[in-house]
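Coordinate analysis (summary)
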Amino acid sequence: SAVISQKPSRDICQRGTSLTIQCQVDSQVTMMFWYRQQPGQSLTLIATANQGSEATYESGFVIDKFPISRPNLTFSTLTVSNMSPEDSSIYLCSVAFGGELFFGEGSRLTVL
Amino acid sequence: AQKVTQAQTEISVVEKEDVTLDCVYETRDTTYYLFWYKQPPSGELVFLIRRNSFDEQNEISGRYSWNFQKSTSSFNFTITASQVVDSAVYFCALSEGASGTYKYIFGTGTRLKVLA
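Throughout what follows, the structure given in this document is the object of discussion.

Thresholds applied
- Residues numbered from 1 in each chain as written.
- Chains lettered and ligands numbered in written order.
- Predicted model: local features only at pLDDT ≥ 70, side-chain atom pairs only at ≥ 80, totals over all residues.
- Heavy atoms only, no water.
- Helix = DSSP H or I, 4+ residues; strand = E, 2+ residues; numbered from the N terminus.
- Rg over C-alpha atoms; globule rule 2.2 N^0.38 Å.
- Buried < 20%, exposed > 50% of the residue type's maximum accessible area, 1.4 Å probe, protein only.
- Contact = heavy atoms within 4.5 Å.
- Areas by Shrake-Rupley, 256 points an atom, 1.4 Å probe, with all protein chains shown as cover.
- Lys, Arg positive; Asp, Glu negative; His and termini not counted.
- Charge placed at Lys NZ, Arg CZ, Asp CG, Glu CD.
- Core = buried A, V, L, I, M, F, W, Y, C linked by side-chain atoms within 4.5 Å.
- Disulfide = S-S within 2.5 Å.

For chain B, the count of helices and strands is 0 helices and 12 strands. The order of helices and strands in chain B, counted from the N terminus, is β-β-β-β-β-β-β-β-β-β-β-β. Against the globule reference of 13 Å for 116 residues, chain B gives a C-alpha radius of gyration of 14 Å, in line with a compact fold. Projected onto its principal axes, the C-alpha positions of chain B cover 45 × 25 × 20 Å. Put simply, chain B has 116 residues, and 47% of those count as buried. Pairs at least 24 apart in sequence give 57% of the contacts found in chain B among residues at least 6 apart. For chain B, the exposed surface amounts to about 5700 Å²; the carbon and sulfur share of it is 49%. Counting 11 positive and 13 negative side-chain charges, chain B places the averaged centre of each group 4 Å from the other.

Our next topic: unusual backbone geometry. A:Lys7 connects to A:Pro8 through a cis peptide bond whose omega is -5°. In this model, B:Lys16 sits at a positive phi of 85°, which is unusual for a non-glycine residue. Among the structural elements, B:Lys16 can be located in the loop between strand 2 (10-14) and strand 3 (19-21).

What follows concerns the nonpolar core. Across soluble globular proteins, nonpolar side chains have a tendency to be buried as a group. Counting 26 residues, the largest nonpolar core has A:Trp34, A:Ile46, A:Leu78, A:Tyr91 and A:Val95 as the members making the most contacts within it. Among the secondary structure elements, those contributing two or more residues to this core are strand 3 (19-25), strand 4 (31-37), strand 5 (44-50), strand 8 (75-80), strand 9 (89-97) and strand 11 (107-111) of chain A. When residues in this core are grouped by element, the largest group, 4 residues, is from strand 3 of chain A. Those residues in contact with A:Val95 that lie beyond four places of it in its chain are A:Ala2, A:Ile4, A:Val25, A:Val29, A:Met31, A:Met32, A:Phe33, A:Glu100, A:Leu101 and A:Phe102. If you look at the next biggest cluster of nonpolar residues, it comprises 24 residues, including B:Tyr32, B:Tyr64, B:Phe75 and B:Cys92.

Bringing the state of the cysteines into the picture now. Residue and element names in this part refer to chain A. Following the criterion strictly, the structure yields 2 disulfides over all chains and no others. Between the sulfur atoms of Cys23 and its disulfide partner Cys93 the distance amounts to 1.9 Å. What sets the handedness of the Cys23 and Cys93 disulfide is the S-S torsion sign, and at about -65° it is left-handed. Of the two residues, Cys23 sits in strand 3 while Cys93 sits in strand 9, which places them 70 residues apart along the sequence. Cys93 sits in the buried class, given a relative accessible area of 0%. Just so you know, Cys13 is unpaired, no disulfide at all, and the nearest cysteine sulfur is the one on Cys23, 18 Å from it. Classification of Cys13 as buried rests on a relative accessible area of 6%.

Take a look at the structure:
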């Protein structure tokens with residue numbers, strides 16, 4: 001299995017600011033995934049992050065708004081840039097390990 | 001392209017009733033994986049099952065059972081003798097690719113309410 005730690009667990013942010021979410025995994029993994037879960041909604045994949053290459057973004061998500069870093073096989077960051085209230089959501093880091101998708105506890109962002 | 005459809009937005013049952021949650025998927029790959037996850041009110045995502053595209057055997061785990069039918073592209077989940085603790089949102093998910101480590105796409109979820 002894989003244990004994933006995310007920071008911060010929650011934050012309240014002001015409109016127009018940016019916040020970086022950190023994700024640390026206790027095992028080396030090739031792919032890391034970032035999801036967004038808006039209130040009462042499903043999980044939407046933002047991007048897939050491979051170590052040593054640029055992240056692959058899903059339709060509707062762009063690098064300028066959600067820049068991602070993947071400096072090594074156990075760590076990744078997601079930045080939510082120039083936030084607006086519509087970005088209020090839970091952001092989840094996840095990894096596929098042994099065929100199962102493991103999730104961090106999530107980072108609950110509230111943008112005022 | 002991958003797609004997962006969970007047509008049931010919300011289901012309410014009385015405790016001890018059986019309930020089936022539907023999942024229909026779309027994929028062009030011959031190798032893929034299907035999953036069910038549970039998200040209780042506390043928010044964490046709990047893995048329930050993984051099934052690969054070459055294994056159509058139904059599976060039973062306690063009160064849970066899964067019916068995988070490639071002919072109808074469905075992977076339905078049944079809870080027998082439901083309990084209040086089963087109240088949660090249940091997500092079906094699909095991952096394409098031989099290794100199963102490609103991106104995972106989730107359905108919209110079914111909220112199950114089990115009433116005492």
